[in-house]
Amino acid sequence: MTDTDFSPIADAAWPESVADMRAGFAGALNVYRVMAHHPDLLRAWAPLREHIVNQTALGPELSEVTILRAGHRLGSSYEWDQHIDRARKRGLTDARIASIAGPCQDMAPRDAMIARAVDELMDSHRLSDASIAAITRDLGKPAVLDLIATVGFYSVLGYALNSFEVPLDDDIAEALRQTPLNPGGR
């Protein structure tokens, strides 16, 4: 019989081969505690995660727009909820965050440009020429590639989160209990 439990790995069972990663991002979030079931993948994941999360040409706000839209499109409540907290910390208002789950015509122009691009990748598996031109003109060529990489990166995470029904991290759940998303403000 095979072990099909992919619950987040507790500190006591953390793999020795990635012990150095437990104190950083990998030990901080349940999604990476799940990925620790495959230590080699977790280790290989780290450099791309650093770029996608901290070095992206999209900048911190549009990176969050990209991630929130991808999480919404994937039906990943974990990703959506996790990134409400991070989007707030990066300066997005609750009204702006809530708009990202809605129709593009209800968003600010740059957010709509990003959301349309995410939708194209999810629906057509490619960016339209119009999206490539708009993002290149507004943000530069690296941002086009970073958007594609971000959607791909968070799609992989969303697939794992949805497949294993990963629970939201306690600190994020508590933050959202204390300050639920208020689409009309903040």
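Residues numbered from 1 in each chain as written. Predicted model: local features only at pLDDT ≥ 70, side-chain atom pairs only at ≥ 80, totals over all residues. Heavy atoms only, no water.

### A few points about the overall build of the chain
And step 1. Check the secondary structure of the chain and you find ten helices and zero strands.
And step 2. Across the chain, helices and strands are ordered from the amino to the carboxyl terminus as α-α-α-α-α-α-α-α-α-α.
And step 3. Computed over the C-alpha atoms, the radius of gyration of the chain is 17 Å, within 12% of the 16 Å expected from 2.2 N^0.38 for a compact globule of 186 residues.
And step 4. Based on the C-alpha atoms only, the size of the chain along its principal axes is roughly 50 × 35 × 30 Å.
And step 5. Looking at the 186 residues of the chain, the share that counts as buried comes to 47%.
And step 6. In the chain, of all internal contacts separated by at least 6 residues, the share reaching a separation of at least 24 is 66%.
And step 7. On the chain, the mean spot of the 18 positive side-chain charges and the mean spot of the 26 negative ones are 6 Å from each other. (Helix = DSSP H or I, 4+ residues; strand = E, 2+ residues; numbered from the N terminus. Rg over C-alpha atoms; globule rule 2.2 N^0.38 Å. Buried < 20%, exposed > 50% of the residue type's maximum accessible area, 1.4 Å probe, protein only. Contact = heavy atoms within 4.5 Å. Lys, Arg positive; Asp, Glu negative; His and termini not counted. Charge placed at Lys NZ, Arg CZ, Asp CG, Glu CD.)

### A few points about unusual backbone geometry
And step 1. Look at His125: it is not a glycine, yet its phi comes out positive at around 65°.
And step 2. Here His125 lies in the loop between helix 7 (109–124) and helix 8 (129–139).
And step 3. For His125, a relative accessible area of 65% translates into the label exposed.
And step 4. At Glu165, a residue that is not glycine, the phi angle is positive and equals roughly 50°.
And step 5. Structurally, Glu165 is set in the loop between helix 9 (141–164) and helix 10 (170–178).

### Some words on the UniProt feature "domain: Carboxymuconolactone decarboxylase-like" (unreviewed entry) in the chain
And step 1. The sites that carry the UniProt feature "domain: Carboxymuconolactone decarboxylase-like" (unreviewed entry) are, in the present numbering, residues 39–103.
And step 2. Counting secondary structure, residues 39–103 comes out at 80% helix and 0% strand; the distance between its end C-alpha atoms is 39 Å. (UniProt positions renumbered as here; feature names shortened; annotations may be inferred.)

### A short note on the layout of surface pockets
Rolling a probe over the atoms, with the probe sized like a water molecule, indicates the empty space that remains.
And step 1. What the largest pocket holds in volume is close to 270 Å³.
And step 2. Along the walls of the largest pocket sit 17 residues, with Leu29, Arg49, Gln82, His83 and Arg86 positioned nearest its centre.
And step 3. The element contributing the most residues to the lining of the largest pocket is helix 5 (residues 77–89), with six residues.
And step 4. In terms of residue class, the lining of the largest pocket is made up of nine nonpolar, two polar and six charged.
And step 5. By volume, the second largest pocket is sized at about 170 Å³.
And step 6. Around the second largest pocket, the lining residues are Phe6, Val31, Val34, Met35, His37, His38, Leu41, Trp45, Val156, Leu157, Ala160 and Phe164. (1 Å grid on protein atoms, 1.4 Å probe; cavity = no way out; pocket = protein on both sides within 12 Å on 5 of 7 lines; lining within 4 Å. Points joined across faces, edges and corners; volume = space filled by probe spheres on them. Nonpolar A, V, L, I, M, F, W, Y, C, P; charged D, E, K, R; others polar.)

### Comments concerning the nonpolar core
And step 1. Grouped together as the largest cluster of nonpolar side chains are 27 residues, with contacts concentrated most on Ile97, Ile114, Ile135 and Leu147.
And step 2. Counting residues per element, the ones that place at least two in this core are helix 4 (59–74), helix 5, helix 7, helix 8, helix 9 and helix 10.
And step 3. The dominant element in this core, judged by the number of residues it contributes, is helix 7, at six residues.
And step 4. Residue contacts for Ile114: discarding those within four places in its chain leaves Leu58, Leu62, Val65, Thr66, Leu139 and Leu147.
And step 5. Among the nonpolar cores identified, the runner-up in size contains 23 residues, and Trp14, Leu42, Ile67 and Val166 belong to it. (Core = buried A, V, L, I, M, F, W, Y, C linked by side-chain atoms within 4.5 Å.)

### Let's talk about the packing of aromatic side chains
And step 1. Under the criterion given, the structure shown has four aromatic pairs.
And step 2. Pairwise contacts between aromatic rings join Trp45, Phe153 and Tyr154 into one cluster. (Phe/Tyr/Trp six-rings, centres within 6.5 Å; stacked < 30°, edge-to-face > 60°.)

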